[in-house]
Amino acid sequence: MSAADDRRWFAHPVMSGMLAAGWLMLQQSLDAGNVIAAVALALVIPRLAGGFMGPGVTVRAAPTALRLMFIVTLDIVMSNIAVARLVLSPAREPQPAWVPVPLDIEHPVGIALFASIITMTPGTVSCIVDETKREILVHALDCDDPVAAARDMKARYEAPLKEIFG
């Protein structure tokens, strides 16, 4: 998508829809004035912000994206429980480790999402996305097998992202 495409009135339809829906929810009213304001905001804000947002992204596998959202949400909940147990248990000693995760995905948004998903999951933090080595260096709070942890991250998150972004 070129810079001219970002200047279209409806260049970012998802953002436009979210802005309109958010405005209407905040107003708690569907009267004509609020609907007109929602449409105006949905058209104007993405157009003004288009230069900052870069080109749009095409999702190639929407069902996979929904499945990934479910997996990430479940992993965040389960990781919160695991980290709470680790922190609150006086008998457990965490085994921190650096986990190099090789990158197979090439789409820049996919790489950014992969690193973000890792960071959002409690107990892991993406520290470095090394483009020359093609890997993400992850710090894990408790990891006894870094190779297995990297394999798990790739299977659970990177593989679906590759399918979504190609």
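Described below are features of the structure shown in this document. All values derive from a computational prediction rather than experimental measurement. (Residues numbered from 1 in each chain as written. Predicted model: local features only at pLDDT ≥ 70, side-chain atom pairs only at ≥ 80, totals over all residues. Heavy atoms only, no water.)

**Brief notes about the side chain of S126**
Its location among the elements puts S126 in strand β2 (residues 124-130). A polar contact of 2.8 Å, which involves the side chain of S126, links it to the backbone oxygen of A115. Those residues in contact with S126 that lie beyond four places of it in its chain are A115, I118, T119, I136, L137 and V138. (Helix = DSSP H or I, 4+ residues; strand = E, 2+ residues; numbered from the N terminus. Polar contact = N/O pair within 3.5 Å; in protein donor to acceptor, adjacent residues only side chain to side chain. Contact = heavy atoms within 4.5 Å.)

**A short note on the environment of A32**
You can see A32 is positioned in helix α3 (residues 32-53). Through-space distance from the C-alpha of A32 to that of A11 is 25 Å; in sequence the pair is 21 residues apart.

**Looking at the sheet that holds strand β3 (residues 135-140)**
In spatial order, the strands read β1-β3-β2; together these three strands make up an open sheet with antiparallel pairing. At either end of the open sheet lies a strand with only one pairing partner, and these are β1 (97-102) and β2. The sheet shows a mean angle of 25° between the axes of neighbouring strands, direction not considered. Judged from the six bridges that link them, β2 and β3 form a sheet pairing that is antiparallel. (Pairing = 2+ DSSP bridges. Axes fitted to C-alpha atoms, helices over the stretch in contact; angles between N-to-C directions.)

**Examining the pairing of β1**
Burial along β1 is one-sided: the face carrying A97, V99 and V101 is buried and the face carrying W98, P100 and P102 is not. By the bridge criterion, six bridges tie β1 to β3 in an arrangement that is antiparallel. Its bridge partner lying in β3, A97 is registered against A140. (Buried < 20%, exposed > 50% of the residue type's maximum accessible area, 1.4 Å probe, protein only.)

**Looking at the packing of helix α2 (residues 13-27) against α3**
Contact geometry for α2 and α3: axes closest at 8 Å, N-to-C directions at 140°. When the interaxial angle is binned, α2 and α3 end up oblique. By crossing handedness, the relation of α2 to α3 is classed as right-handed. Residues M15, S16, L19, A20, W23, L24 and Q27 of α2 pack against N34, V35, A37, A38, L41, A42, I45, P46 and M53 of α3. Among the residues making up the contact of α2 with α3, the classes are represented as 13 nonpolar, three polar and no charged. (Parallel < 35°, antiparallel > 145°, perpendicular 65-115°, else oblique. Left-handed = near helix turned anticlockwise from the far one by under 90°. Nonpolar A, V, L, I, M, F, W, Y, C, P; charged D, E, K, R; others polar.)

**What about the environment of L137?**
Here L137 is to be found in strand β3. Between the C-alpha atoms of L137 and C127, which are ten residues apart in sequence, the distance is 5.7 Å. With sequence-adjacent residues up to four places away left out, L137 is seen in contact with W98, V99, P100, V125, S126, C127 and I128.

**A closer look at the packing of helix α4 (residues 62-88) against helix α6 (residues 146-165)**
The interhelical angle for the contact between α4 and α6, taken along N-to-C directions, is 160°, at an axis separation of 9 Å. One way to sum up the angle between α4 and α6 is to call them roughly antiparallel. Between α4 and α6 lies a crossing whose hand is left-handed. Facing α4, whose interface residues are T64, A65, R67, L68, I71, V72 and D75, α6 presents R156, Y157, P160, L161, E163 and I164.

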